[in-house]
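Okay, here's what each chain looks like letter by letter:
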Amino acid sequence: MNKKKNSIMANIAHLFYSTILSSLLNAGALVVLASYLQAYHYGLFSVTLAFAMIMGYFTDAGLSGVVLREGAKEKVDQNVLVTSFIKLRILLLFLTFVLGLTLIYFMNRDHTELLVTAVVLILPMVSGLAMQSIGTTFFQMREKMHMSGVIRMTSAFCLVTSMTVGIFLELPPLWMTALYGASYLSAGLLSVLLVIKHVTIRFTLPFHKGLMKNLGAFTLGGLLFVMLPHLGPILLEKTIPLAAVGLFAVAYRIPQALQQVPFIVAGAYYPVLFKAYQRNNLEEHLHLHVTQVKIMSLAGMMMTIPFFYLSPFIIELLFGPEWAGAATPLKIMSLMLTVQAVNIAVADGLTTMEKQTSRTVVQLTAVIIGAGLYTGLSLSFGVTGAAWAGVSIEVAALMGFWICSPVRKVLLKKSIFPYLSYFIVTLVVLEQLALPSFFNAVTHLLLVMALPVMDADLRSKLIKMGGKVWNRYTKRRMKEEVNHGS
């Protein structure tokens, strides 16, 4: 068995291409589906999709984080650990279906069309999400993110293929929903098969008791993290018409899909941060944590910029002029990409320092605030109010995560304040100049790209990385010349 691990940069590279490709494919599938279903049916689909994603988390219940923590410890039997993980996932999947579908029924008993759509989407999709999570968690623990990439790309490919076939056959909305769920199930089956090739799964093996340590905080914290991005569609269905929910969903779906990009960095750093803290390398943990916040801040900024300045053009290009009402909400919610990226990094620092309870308290507070903001602002200002509610929730969560961090002074001084203040000031100045949108977008991207050059720590890392790439290139060239000469 090959136990060799990838480096952090190699894992980031593997996650980068796989996540970018899968996110683009997923976003493309949703764009096509939105155009095919139109506002009412897409609003209906978005509500049931939000329920499916939350239920998908319940099949994990924070176990993935606990598995990474336990896997970071020395002398852990991975066969026992993974088998115990799968046992709990099967139990949670059963409980999720029973409780989740019952809740959906009582919340929407008078909306038969929504109930049928929910069942058709949730059964295959939630099962597939549970199986995919087993694979991605296992390979993240092994620090072999290229295998996690295979699972993600397979899921995206199945989704695009199924949507294309459905549109070609002109299938009704309910059939399209069923195909959407089935694509996740297909990738889930592949995920489990890949795991079985690397470890021995026997249900007679003893249970790894370490999985139960502090599981409650991981469970609640993870649930709240998953609920936040889906809180909008669920609550807005009660405050604004379904067509307006469709506009919000179209605008929200873009930043939600792009949120996967900062997760690339987080996914590579997460197991390394766990190991540094578990082995009492606190200085290394802090250095890695600060660097992670910087890199994820940059990723969030560069994603925000084009959607902030070019939202009308992007909406019309992707969805057509009939969806022009989603342009303003997209511009507002593009700001979430930057705040979310920093949130993820600071929150991961709490988890890897065994401060999961603090993270959970902040997330619970954010959900409570979010419910009030989504309801109040959408009733008063419609879709635009809902968009500002989404941004406000992320800002409140960031403040909470930072306050709870044991290294908050270092984080504020070295990463959060200089990076976010630079971004906000440049954004406000460019917005006030009222220059052409494309010019503002290009200028702001160049200004953000200058940040790692001005940062001495990141600049040295870039130089070192460039040197390694150059050395590999020259060695390869020399080898080719030798082979050619012989």
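Here's a quick rundown of the structure.

Thresholds, definitions, all that
- Residues numbered from 1 in each chain as written.
- Predicted model: local features only at pLDDT ≥ 70, side-chain atom pairs only at ≥ 80, totals over all residues.
- Heavy atoms only, no water.
- Helix = DSSP H or I, 4+ residues; strand = E, 2+ residues; numbered from the N terminus.
- Buried < 20%, exposed > 50% of the residue type's maximum accessible area, 1.4 Å probe, protein only.
- Contact = heavy atoms within 4.5 Å.
- Areas by Shrake-Rupley, 256 points an atom, 1.4 Å probe, with all protein chains shown as cover.
- Polar contact = N/O pair within 3.5 Å; in protein donor to acceptor, adjacent residues only side chain to side chain.
- Axes fitted to C-alpha atoms, helices over the stretch in contact; angles between N-to-C directions.
- Parallel < 35°, antiparallel > 145°, perpendicular 65-115°, else oblique.
- Left-handed = near helix turned anticlockwise from the far one by under 90°.
- Nonpolar A, V, L, I, M, F, W, Y, C, P; charged D, E, K, R; others polar.
- Salt bridge = Lys/Arg side-chain N within 4 Å of Asp/Glu carboxyl O.
- Core = buried A, V, L, I, M, F, W, Y, C linked by side-chain atoms within 4.5 Å.
- Patch = residues over 30% accessible without salt bridge, like charges linked within 9 Å, V, L, I, M, F, W, Y side chains within 5 Å.

Some thoughts on the overall build of the protein
Now for step 1: Within the protein, the regular secondary structure consists of 18 helices and zero strands.
Now for step 2: Within the protein, the fraction of its 486 residues that count as buried is 53%.
Now for step 3: Taking all contacts inside the protein whose residues are at least 6 apart in sequence as the whole, residues at least 24 apart take part in 84%.
Now for step 4: Taken as a whole, the protein presents about 21,800 Å² of accessible surface, with 70% of it coming from carbon and sulfur.

Brief notes about the side chain of Asn 343
Now for step 1: Position of Asn 343 relative to the elements: it lies in helix α13 (residues 335–352).
Now for step 2: Here the side chain of Asn 343 touches Glu 394 through a polar contact of 2.8 Å, side chain to side chain.
Now for step 3: When residues no more than four places from it in sequence are discounted, the contact partners of Asn 343 are Glu 394, Ala 397, Leu 398 and Phe 401.

Observations concerning the environment of Leu 318
Now for step 1: Within the secondary structure layout, Leu 318 lies in helix α11 (residues 311–319).
Now for step 2: Separated by 290 residues in sequence, Leu 318 and Gly 28 place their C-alpha atoms 8.7 Å apart.
Now for step 3: Ignoring any residue separated from it by four or fewer positions in sequence, one finds Leu 318 in contact with Val 31, Ser 35 and Ile 254.

Here we look at unusual backbone geometry
Now for step 1: Even without a glycine there, the phi angle at Glu 170 is positive, about 55°.
Now for step 2: One can find Glu 170 in the loop between α5 (145–168) and α6 (173–196).
Now for step 3: One non-glycine residue with positive phi stands out, namely Glu 354, at about 60°.
Now for step 4: Residue position: Glu 354 is located in the loop between α13 and α14 (356–404).
Now for step 5: With a relative accessible area of 47%, Glu 354 lands in the partly exposed category.

As for the packing of helix α4 (residues 112–141) against α6
Now for step 1: In the contact formed by α4 and α6, the axes pass within 7 Å of each other and the chain directions differ by 20°. The orientation of α4 relative to α6 falls into the category roughly parallel. The two elements α4 and α6 cross, and the hand of that crossing is left-handed.
Now for step 2: When its residues are assigned to classes, the contact of α4 with α6 shows 21 nonpolar, ten polar and no charged.

Some thoughts on the pattern of salt bridges
Two side chains carrying opposite charge are able to pair once their charged atoms lie near each other.
Now for step 1: Across all of its chains, the model carries four salt bridges by this definition.
Now for step 2: The residue Lys 294 makes a salt bridge to Asp 455 at a minimum N-O spacing of 3.0 Å. Of this pair, Lys 294 sits in helix α10 (residues 282–309) while Asp 455 sits in the loop between α17 (451–454) and α18 (456–485), and the two are 161 residues apart along the sequence. For the pair shown, Lys 294 and Asp 455 are each scored as buried.
Now for step 3: Here Lys 331 and Glu 431 are joined by a salt bridge, their closest N and O atoms 2.9 Å apart. In this pair, Lys 331 is assigned in helix α12 (residues 327–333) and Glu 431 in helix α15 (residues 408–433), connecting sequence segments 100 residues apart.
Now for step 4: Residue Lys 331 is classed as partly exposed on the basis of its relative accessible area, which comes to 26%.
Now for step 5: Salt bridges linked by common partners bring Lys 294, Asp 455 and Asp 457 together as one network.

What to know about the nonpolar core
Across soluble globular proteins, nonpolar side chains have a tendency to be buried as a group.
Now for step 1: Judged by nonpolar contacts, the single largest core of 115 residues is most densely connected at Phe 45, Ile 122, Tyr 180, Ile 315 and Tyr 374.
Now for step 2: Those residues in contact with Tyr 180, other than ones at most four positions away along the chain, are Leu 30, Leu 33, Phe 45, Leu 49, Leu 121, Met 125, Leu 159 and Met 163.
Now for step 3: By size, the runner-up hydrophobic cluster in this structure holds 21 residues, among which are Leu 63, Val 67, Val 82 and Phe 139.

Section: the environment of Leu 21
Now for step 1: With respect to the secondary-structure elements, Leu 21 resides in helix α1 (residues 8–58).
Now for step 2: On a C-alpha basis, the gap between Leu 21 and Gly 149 in space is 9.5 Å, while along the polypeptide they are 128 residues apart.

A look at the packing of helix α2 (residues 63–71) against helix α3 (residues 78–107)
Two packed helices can be described by the angle between their axes and the distance between those axes.
Now for step 1: Relative to each other, α2 and α3 sit at 170°, their axes nearing to 11 Å. On the basis of their axis angle, the class for α2 and α3 is roughly antiparallel. The residues of α3 that touch α2, namely those facing Leu 63, Ser 64, Val 67, Glu 70 and Gly 71, are Leu 81, Phe 85, Leu 88, Arg 89 and Leu 92.
Now for step 2: Per-class residue counts for the contact of α2 with α3 are six nonpolar, two polar and two charged.

Concerning a nonpolar patch on the surface
Now for step 1: Taken together, the side chains of Leu 91, Phe 94, Leu 95, Val 98 and Leu 99 define a hydrophobic patch exposed on the protein surface, amounting to about 490 Å² of accessible area.
Now for step 2: Relative to the helices and strands, Leu 99 is located in helix α3.

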